[in-house]
Structure formats: structure tokens, C-alpha cells
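# Remarks on the overall topology
If you want the building blocks of each chain, they are given just below.
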Amino acid sequence: MANPAALSLREHFRTPEQQRETSSIGMWIFIITEVMLFSGLFMAFTVYRSMYPQAFIEGSAEMSIALGATNTIVLICSSFTMALSVYSAATGNRRMLAIFLIATMILGAAFLGIKFTEYYQHYRDHQAPGVWFDWRGRDAAQVEMFFVFYFIMTGLHAVHMFVGEGLLFTMLLRTAAGSFSARYHTPVELVGLYWHFVDIVWVFLFAIFYIEGLHLHHG
Amino acid sequence: MSIVSKKVYLLTFGGLVALTLLTTGLGFLDMGPFNTIIAILLAATKASLIVMFFMHALYETRIVRVILAGGIIWVAILLSLTIADYSTRRFMPYPANQPPVAGP
Amino acid sequence: MIPAVEVAAERNYLNEETGVLSWLFTTDHKRIGLLYVASISVFFFLGGLFALLIRLQLLTPNGLLFDSETYNKLFTMHGIIMVWFFLIPSIPNTLGNFLIPMMLGAKDVAFPKLNLLSWYVFNLGALVTLYSIFRGGVDTGWTFYTPFSTTFSTTYVIAAAAGIFIAGFSSIMTGLNFIATVHRMRAPGMTWFRLPMFIWSHYATSLILVLATPILAVTLLLVAVERIFQVGIFDPALGGDPVLFQHMFWFYSHPAVYIMILPAMAVVSELVPAFSRKPLFGYEFVAFASISIAAIGFLVWGHHMFTAGTSPYAAEVFSFLSYLVAVPSAIKVFNWTATMYKGSISWDTPMLYAIGFIGLFAIGGVTGLFLAALGIDVHVQDTYFVVGHFHFIMVGGTVLAYLGGMHYWWPKISGKMYPEGLARLSALVAFIGFILTFFPQYILGYLGMPRRYAVYPPEFQVWHVLSSAGASILGIGYILPFCYLLWSWHYGKPAPPNPWKSTGLEWKTSSPPPKHNFEETPVVTTGPYQFGEMKEELDLG
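Residues numbered from 1 in each chain as written. Chains lettered and ligands numbered in written order. Predicted model: local features only at pLDDT ≥ 70, side-chain atom pairs only at ≥ 80, totals over all residues.

Moving on: the overall build of chain A. Helix and strand counts for chain A stand at 7 helices and 0 strands. In chain A, the order of α-helices and β-strands from amino to carboxyl end is α-α-α-α-α-α-α. When contacts within chain A are restricted to residue pairs at least 6 apart in sequence, long-range pairs at least 24 apart make up 78% of them. (Helix = DSSP H or I, 4+ residues; strand = E, 2+ residues; numbered from the N terminus. Contact = placed C-beta atoms within 7 Å.)

The structure is reproduced here in C-alpha cells:
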């Protein structure tokens with residue numbers, strides 16, 4: 001069988017090593033653009049959080065810490081299995097690669113399932129911003145703003161999760177087709193980078209949305 | 001591309017789970033402004049663990065580390081210069097500089 | 001379509017494959033550059049049409065043609081199209097795409113498919129924005145200031161913003177591609193300090209594209225969410241802060257000014273040494289000036305908001321930092337002039353544009369310092385002084401450099417020479433037209449004429465008439481090159497590989513270049529701009 005690394009060398013590169021490093025640089029730059037994207041939202045959130053501290057903590061107290069903490073653990077597990085996927089790819093173990101990719105996908109799906117359960121609960125409790133929103137306490141407009149940011153930021157994160165699931169699925173197909181080997185598995189590495197980045201975003205979202213109002217919890 | 005051992009992954013994973021539990025546990029205490037500060041610091045620690053070990057930043061080429069550092073610096077620029085405006089507005093309280101009035 | 005080249009014997013990137021599909025599915029960076037030329041030319045003339053209507057309206061104090069609402073839409077669409085669909089992609093995506101791999105001695109950019117995708121995404125974004133125009137336009141100004149854009153405007157804000165949002169991805173793809181290309185696709189021996197200045201400046205541009213554009217995306221996303229769901233994000237009635245929108249918008253849009261001017265500087269840094277027959281003066285200084293403009297450019301956005309209610313302390317910091325960015329800009333201007341000093345200058349068309357650029361950029365830059373000064377800014381904020389200032393930078397700077405670069409590299413791109421006499425004349429026409437259009441706007445602004453008004457007091461009329469007259473001359477200065485360059489594509493004299501006796505790898509291959517740029521990968525042994533060594537060659541004939 002022909003060497004997959006040689007087959008996958010595109011004509012404008014001189015060596016496979018050059019191609020791998022170029023792809024890796026490209027992925028890291030892309031991740032930085034994503035960092036900037038989310039940091040714009042974090043910045044806006046920070047400004048309003050400092051303007052209306054009480055309302056934002058009130059809003060945070062409405063989060064379900066059980067679901068949120070579970071979801072964090074689920075996502076950390078998925079990052080772990082993703083890291084093991086890259087490890088299996090690098091050691092040329094295609095069977096374990098496929099297994100870990102599937103495990104990562106299942107954990108990702110579990111995360112999304114829990115997330116949408118939470119969304120449903122907020123909707124049911126009239127906490128979804130817009131005409132449906134109903135807040136009996138003080139500072140209704142400011143609490144609503146907290147929920148606006150909650151839905152935008154976790155929603156954007158969920159969109160990234162869906163994209164990640166799609167990427168994992170294509171990796172699975174390519175693994176099944178035998179495209180990867182110990183010498184050529186750059187796409188798995190890059191998808192891994194993306195997946196871990198999405199995990200990092202969630203780590204911060206968990207801190208700012210779930211933890212702040214925990215001490216006066218009534219959700 | 002160096003291969004990171006499974007043991008490193010396992011330790012990282014354990015650390016992340018422990019830090020998540022710590023974050024959640026500390027959240028139940030009322031520490032005033034430190035609730036936020038500690039939550040963010042712990043999140044940053046978790047993020048560094050992921051970047052260094054899961055994303056192999058420790059083992060990557062110099063250019064990748066430069067890219068990463070650049071990203072962090074630019075986030076800092078965005079946050080610090082904006083906050084510089086909001087945090088100094090109240091120093092000179094004349095009407096034009098009052099923060100927007102809260103809604104009814 | 002592209003005509004069959006007469007000398008069919010020589011195979012190049014234009015005749016290697018033919019047919020519409022070979023262009024629509026190409027991954028060749030040179031062809032993608034030309035696809036971009038086609039796209040942005042359309043948008044340039046569309047944006048120019050809106051400018052023409054604006055200048056017609058302002059001929060008389062009470063307005064000839066439109067009511068205020070229509071006028072608002074005109075300047076908005078002029079701004080949106082010119083900024084996002086012409087100026088941002090103008091030089092990087094056309095000349096940059098065409099030249100960066102060749103200057104590095106590479107066969108293509110790092111990610112050729114991504115490069116093609118960026119063209120499609122760009123056009124998709126443009127189509128979505130055009131949709132908003134055909135449905136009646138947008139009236140928020142190109143800046144989409146809240147709460148007008150989120151709450152009060154009844155026009156197609158979301159469609160216009162969505163188009164810009166989509167086109168932003170195209171910017172990011174291009175920037176990412178260029179950075180990876182410069183890092184990893186250099187030919188053997190092409191060290192960082194042997195890179196042509198064109199590469200350095202485009203590298204700096206790409207950094208901004210990658211770091212700033214995501215913030216624009218997220219800002220427009222927030223505007224769309226607020227507008228669709230009518231929830232409080234920037235609306236002060238719901239607890240929001242409209243100034244936060246301005247922070248986020250200008251965090252992108254001020255660096256975006258450097259996305260427009262840095263590639264123009266890239267072009268001029270190539271033209272000046274080539275037509276002075278001297279190495280670029282202070283190479284390292286110009287190189288680091290590019291990078292520092294990109295970096296410091298991110299620290300100054302607050303100077304757009306001095307009168308918007310930001311803290312006076314932050315305003316002082318932003319004002320100081322704005323002065324700082326003038327330093328690397330001035331270094332560049334001094335180094336270009338020092339390059340020309342005692343050089344053997346030839347007055348070919350590209351050099352005319354380059355000299356025009358240096359003069360106009362200097363004026364535009366210095367008036368920028370007026371605006372960065374807190375006290376003066378309060379007087380001229382939102383007047384025609386600001387309009388004059390940024391048109392000096394964007395039109396006098398970027399567009400002139402774009403035209404200069406197009407002329408300089410046209411023999412390489414098309415394999416044909418353009419008519420030199422006509423080209424010199426048209427450069428002169430553009431320069432005169434430009435000065436006449438925009439210099440009166442400084443005076444208008446200083447006298448107190450606010451921007452974005454459809455009518456004005458009669459005492460301003462003389463300046464407005466001058467400006468409108470200049471605009472029509474400027475228009476001729478744009479249409480002429482467009483016509484004779486197209487003409488020369490068919491009928492021009494065949495160009496030799498190196499018509500200007502320039503240095504640089506792009507001149508070491510045939511005109512037009514072969515599909516993979518070089519017959520074999522070049523090996524670089526010297527820095528750029530070695531005109532001294534070429535002198536003997538020239539003397540020998």
C-alpha cells in the first residue's frame with residue numbers, strides 16, 4: 001500500500017513536515033480568532049457585570065449548579081477522550097482511535113443534551129429574554145440582560161459544539177477509510193485542538209455564569 | 001510532533017476534575033468580591049492545564065507559543081483599555097459622564 | 001472571457017487551462033487575485049456611483065435631488081461598500097494574493113482551497129449586503145451606531161450587517177493564509193530580513209485582519225440580536241450602554257484603517273526603491289514600523305469617542321497613544337523620501353502614484369494628529385474635517401497606491417504593457433481631481449459644516465461646488481486606467497519578464513508567470529533592493 005503521508009502531500013509543499021507545521025500554525029491562528037470572538041462577549045459581559053453587580057448575581061443564582069457542574073465534568077471527560085484519540089492516532093492504533101472518537105462524540109452529545117435541558121427549564125421559568133421574560137424581583141431589565149448574555153454566549157458555544165461533532169464525525173469516517181497512520185494524522189490533531197479550545201471556553205462560561213450567584217442559591 | 005504519554009493526560013484530567021469540584025465548592029461560600037476573583041483564577045488555571053497538556057502547547061514550536069502569547073496579550077488590550085474608560089468615569093461626576101440610567 | 005494569448009507556445013497561468021470553470025474552481029493564487037480584482041472593481045464603481053450622487057446633491061444648499069432619508073441611505077451605502085467591499089480587500093486580496101507567494105519564492109499560498117473559499121465567502125457577503133440595498137438601503141451610517149441601528153432605524157440593518165459579518169470570514173481566511181504563508185512557505189535562503197517590504201507590510205496587515213475582525217463579527221451579532229429580539233444590550237432604556245457598542249466597533253474599525261493603509265505602504269515601499277534605483281533607506285526601521293503600526297493601531301480606538309461620553313482620563317490616554325502611532329508612520333514617510341534622495345528617479349506612472357501617495361498620506365496623517373488632540377477634536381468632531389482626513393488616507397493613500405501597484409505589476413499580471421503616456425496623464429488627473437475634491441472639505445469642516453447633512457447654509461456653497469467639481473475630475477482619473485488597462489490586456493505590447501529592471505523574485509520569472517510561478521524553486525542569497533549590483537548590467541545595455 002502506498003504511504004499515506006506521501007499521498008497526502010499537496011504539490012505546493014516541499015516536505016510533509018512543512019505541510020504539517022503549516023497546518024498547525026493555521027489552526028492555532030484560527031483558534032486565536034475564536035479567542036478574540038469570545039473575548040468580545042466576555043468584555044461586554046464584564047462591563048455590565050461591573051455596572052449591575054447585584055442583578056447579575058441574582059441572575060446567576062437561577063442557574064442549576066447540578067446540571068452545570070455535571071456538564072463541565074462531561075466536557076472535561078470529552079477533552080480527555082479527545083486527547084487519547086490524538087494519542088491513538090500518533091501511535092498508529094486505528095481501532096482505539098475510532099473508539100475514542102466515538103466516545104468523544106457521545107460525551108459531546110451528552111453535553112448538548114444537558115445544555116438544552118437547561119435551556120428548556122429557563123424557558124419554562126420565563127427566564128428566556130424577550131416578550132416571554134418575566135421577573136418578579138428587582139432590576140428586571142438588568143437580570144434580563146444577564147440572561148441575554150447567558151443565552152448568547154452559551155448558545156455560541158453550543159454552535160461550536162455542533163461544528164465539533166461534525167468534525168469528529170468526518171474524522172471517524174476518514175479513520176474507517178484508513179486515511180490516518182502514525183506518520184500522517186494531522187487532521188485528528190487539528191480537530192483535537194479545536195475541541196480542547198471549545199472546552200476552554202466552557203470552563204470560563206461555567207465560572208462567570210454558574211459560580212457567581214451560587215452562595216445565594218435558590219434555583 | 002512529540003507524543004505525550006497517557007500518564008500526563010490522566011494527571012491533567014484528574015487535575016481538571018479536582019479544580020471543577022473546588023470551583024463549585026468554593027462557590028457556595030460568600031466571600032464578597034473574591035467569589036468572582038477566585039472563580040476566574042481557577043478557570044484560568046484549568047484553561048492553562050488544557051492548553052499546555054491536552055493541546056501540547058508545551059511541546060510545540062516557538063511560533064505556536066508566540067501566537068498563543070499574542071492572543072492573550074490582545075485579549076488583555078481589549079479588556080484593559082475598555083475597562084480603563086468605565087472604571088475612571090466616576091472620578092469626575094458631571095452629568096455627561098454618568099453611567100446610563102437604569103430602566104424603570 | 002480571457003482571450004487566447006497570441007504566443008501560444010509559451011504556457012503560463014492564464015493559458016494553462018481555459019474556460020469559465022477553470023477560473024471558478026481555480027486554487028491558483030494568481031487567478032484568485034484576478035477574481036478579486038473583478039469583484040472589487042464592481043464594488044468600487046458601485047460605491048463611486050453613490051459618491052457621485054452625494055456630490056450632486058451637495059451642489060446646492062437645499063439639495064438638488066434627494067430628501068434627507070434618501071441622502072442618509074446614500075452615504076451609508078457609499079461607506080459600507082467602499083470600506084468593506086473595496087478598501088479592506090483592495091490591495092491584500094488582489095496584489096497581495098498575486099504577489100506574496102511569488103515574492104517568497106513559493107508555488108502557492110499555504111492554504112489554496114481556503115483562499116478560493118475566501119473569494120466565494122466575500123461575494124456571498126457582498127450579495128447579502130446588496131440585497132439590503134435593493135430592498136431600500138440602510139440609513140445608519142457605515143458605523144451602525146446604537147441605539148439608532150438597533151431600535152429606531154426602519155431600514156434593512158440586519159441584512160447589511162449580515163453581509164459584513166459574512167465578508168469578515170473572508171478577511172480572516174485571507175489573513176490566516178498570509179501569516180501561515182509567510183512563516184512556512186519561504187524559499188530556501190529567504191530569511192526574514194531578506195523579505196521585500198511588501199511582505200512585511202502585508203504580514204502586519206494580516207495580523208490585524210486576524211485579531212480585529214472577530215470583534216467586528218461579535219459586535220454585529222449583538223446588534224442583530226438586540227434588533228431581532230428587542231432585548232437590552234446597547235439600548236439605554238433597557239440598561240444598556242451605547243458607548244460600549246462604540247468601544248467594540250472601534251476596536252475593530254480603527255485597526256481596520258491600518259488594514260487599508262498598510263498594504264498601500266507595502267506597494268509604495270516597492271515602488272520608491274524601484275524607480276529611484278536605490279535600496280530602501282533604513283530597511284529594518286521600515287519593517288518594524290509596519291509591525292508597530294499594526295500593534296499600536298490597536299491601542300488608539302478611543303480617539304473616535306472623545307465626545308461620546310467616555311471618561312476624560314481614558315481619553316487622555318487614548319490621545320497620547322494616538323500620537324504614538326504617528327511615529328512609525330512618520331518613519332516610513334521619511335525613509336521613502338530618504339530613498340529618493342540622490343536616487344536616479346524616473347517618472348514612470350507607478351512612481352507618479354507613489355509620490356502622490358507620499359504627499360497625500362503626509363497631509364492625511366498630520367490632520368489625523370489634529371483629530372487626536374483632545375481640544376481640537378471637540379471643535380471638528382463629526383465635521384467635514386474628519387471626512388477630509390479619512391478620505392486623504394483612504395482615497396489619497398490606499399486608492400492611489402492600489403492604482404500605482406496595478407500599473408507597476410500589470411506587465412507581470414497580464415504580460416502586456418499599458419500605454420505609458422495616457423497612464424501618466426491619468427495619474428495627474430486623479431491627483432488634481434483628488435486635491436480639488438477633498439481639500440475644500442478640510443476648510444468646510446473647520447468652518448463648521450457637519451458631516452452627514454443633506455442641506456447646508458448657503459455660505460458653504462462655494463466649497464461644496466469645488467468639491468463636486470473635483471469629484472467629477474477624480475472620476476475620470478479612475479475610469480481612464482480601468483479602460484486602458486482592459487484595452488492593453490488585448491492590444492498592449494507584450495511585456496518582457498522584467499520591464500522595470502527591478503529586483504525581487506516576481507521579476508525573475510516570465511510575464512505572465514507559469515502556473516507554479518517558477519520553473520524551479522529559487523534559492524535566495526541576498527536581501528531585496530540590490531540596485532547597486534544591477535547597475536553594471538544596465539550600463540552594459
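For the rest of this paragraph, the subject is the overall build of chain C. Along its length, chain C carries 16 helices and 0 strands. A globule of 541 residues ought to have a C-alpha radius of gyration of about 24 Å, and chain C, at 23 Å, matches this closely. In terms of overall dimensions, chain C has C-alpha extents of about 70 × 45 × 45 Å along its principal axes. Going through the 541 residues of chain C one by one, you find that 57% of them count as buried. For chain C, restricting intrachain contacts to residue pairs at least 6 apart in sequence, the fraction spanning at least 24 positions comes to 84%. (Rg over C-alpha atoms; globule rule 2.2 N^0.38 Å. Buried ≥ 20, exposed ≤ 12 C-beta atoms within 10 Å, placed from the backbone.)

Taking 1.5 Å of rise per residue, 28 residues should cover 40 Å, and helix H14 (residues 420-447) of chain C covers 41 Å from first to last C-alpha, within 8% of that figure. At the C-terminal side of H14 of chain C, Gly448 of chain C shows a positive phi close to 115°. (Expected span 1.5 Å × (residues − 1).)

If you look at the interface, chain A gives 39 residues, while chain B gives 41 residues. Where the side of chain A that touches chain B is concerned, the elements lending two or more residues are helix H2 (16-51), helix H4 (65-90), helix H6 (140-176) and helix H7 (186-211) of chain A. Residue composition of the side of chain A that touches chain B, grouped by class: 26 nonpolar, 10 polar and 3 charged. (Nonpolar A, V, L, I, M, F, W, Y, C, P; charged D, E, K, R; others polar.)

Residues and elements named next belong to chain C. Its 29 residues give helix H10 (residues 312-340) an end-to-end C-alpha distance of 43 Å, which sits within 8% of 42 Å, the value for a rise of 1.5 Å per residue. Turning to H10, its buried residues number three or more, namely Ala314, Ala315, Phe318, Ser322, Val325, Pro328, Ser329, Lys332, Asn335, Trp336 and Thr339. Just downstream of H10 lies Lys342, where phi reads positive at about 60°.

All right, on to the interface of chain A and chain C then. Listed by partner, the interface residues are 26 residues for chain A and 30 residues for chain C. Contributing elements (two or more residues each) for the side of chain A that touches chain C: H2 and H6 of chain A. A total of 15 residues in the side of chain A that touches chain C trace back to one element, the largest contributor, which is H2 of chain A. Counted by class, the side of chain A that touches chain C contains 15 nonpolar, 8 polar and 3 charged residues.

Our next topic: the packing of helix H2 (residues 29-57) of chain C against helix H4 (residues 112-134) of chain C. All names here are of chain C. Close contact between H2 and H4 brings their axes to 10 Å; oriented N to C, the two are set at 10°. Between H2 and H4, the angle falls in the class roughly parallel. Each of His29, Ile32, Leu35, Tyr36, Ser39 and Phe43 in H2 lies in contact with H4, whose residues at this interface are Pro112, Asn115, Leu116, Trp119, Phe122, Asn123 and Ala126. Among the residues forming the contact of H2 with H4, the class breakdown is 9 nonpolar, 4 polar and no charged. (Axes fitted to C-alpha atoms, helices over the stretch in contact; angles between N-to-C directions. Parallel < 35°, antiparallel > 145°, perpendicular 65-115°, else oblique.)

The next point concerns the environment of Gly343 of chain C. All names here are of chain C. Of note, Gly343 is situated in the loop between H10 and helix H11 (349-372). Exposure remark for Gly343: the 17 C-beta atoms within 10 Å place this residue in the partly exposed category. Along the primary structure Gly343 and Ser276 are separated by 67 residues, whereas in three dimensions their C-alpha atoms are 4.7 Å apart. Ignoring sequence-local partners within four residues, the contact set of Gly343 consists of Ser276, Arg277 and Lys278.

What follows deals with the confidence of the model for chain C. Low-pLDDT stretches of the model should not have their predicted coordinates read in fine detail. Residue and element names in this part refer to chain C. Mean pLDDT over chain C stands at 93; residues scoring 70 or higher make up 96%. Counting contacts from residues 1-8, a segment whose pLDDT is below 50, to residues more than four positions away or on other chains yields 9 contacts. For the stretch residues 536-541, pLDDT sits under 50, and the model shows 1 contact to residues farther than four places along the chain or on other chains. With a pTM of 0.94, the predicted complex shows an ipTM of 0.93. (pLDDT = per-residue confidence, 0-100.)

Per-chain confidence: chain A averages 92 in pLDDT, with 95% of residues scoring 70 or above. Of the regions scoring below 50 in pLDDT, residues 1-5 of chain A engages in 7 contacts with residues more than four places distant in sequence or in other chains.

Residue and element names in this part refer to chain C. One way to put it is that helix H3 (residues 68-104) packs onto H4 with a least axis distance of 12 Å and a crossing angle of 165°. Viewed along their axes, H3 and H4 adopt a mutual orientation that is roughly antiparallel. Handedness of the H3/H4 crossing: left-handed. For the pair H3 and H4, the contacting residues are Met77, Ile80, Phe85, Pro89 and Asn97 in the first and Asn115, Phe122, Ala126, Thr129 and Ile133 in the second. Here the contact of H3 with H4 is built from residues that sort into 7 nonpolar, 3 polar and no charged. (Left-handed = near helix turned anticlockwise from the far one by under 90°.)

In this structure, Ile29 of chain A together with Val268 and Phe357 of chain C are the most contacted members of the largest nonpolar core, which totals 254 residues. In terms of residue count, the dominant contributor to this core is helix H8 (residues 242-276) of chain C (24 residues). A domain split of this core shows at least three residues from each of domain 1 (1-58) and domain 2 (61-91) of chain B. Residues in contact with Ile29 of chain A, not counting those within four places in the same chain, are Ile67 of chain B together with Leu176, Ile179, Ala180 and Val210 of chain C. Counting 12 residues, the second-largest nonpolar core is a separate cluster that includes Leu371, Ala372, Val387 and Tyr442 of chain C. (Core = buried A, V, L, I, M, F, W, Y, C linked by C-beta atoms within 7 Å. Domains from an automatic or database assignment.)

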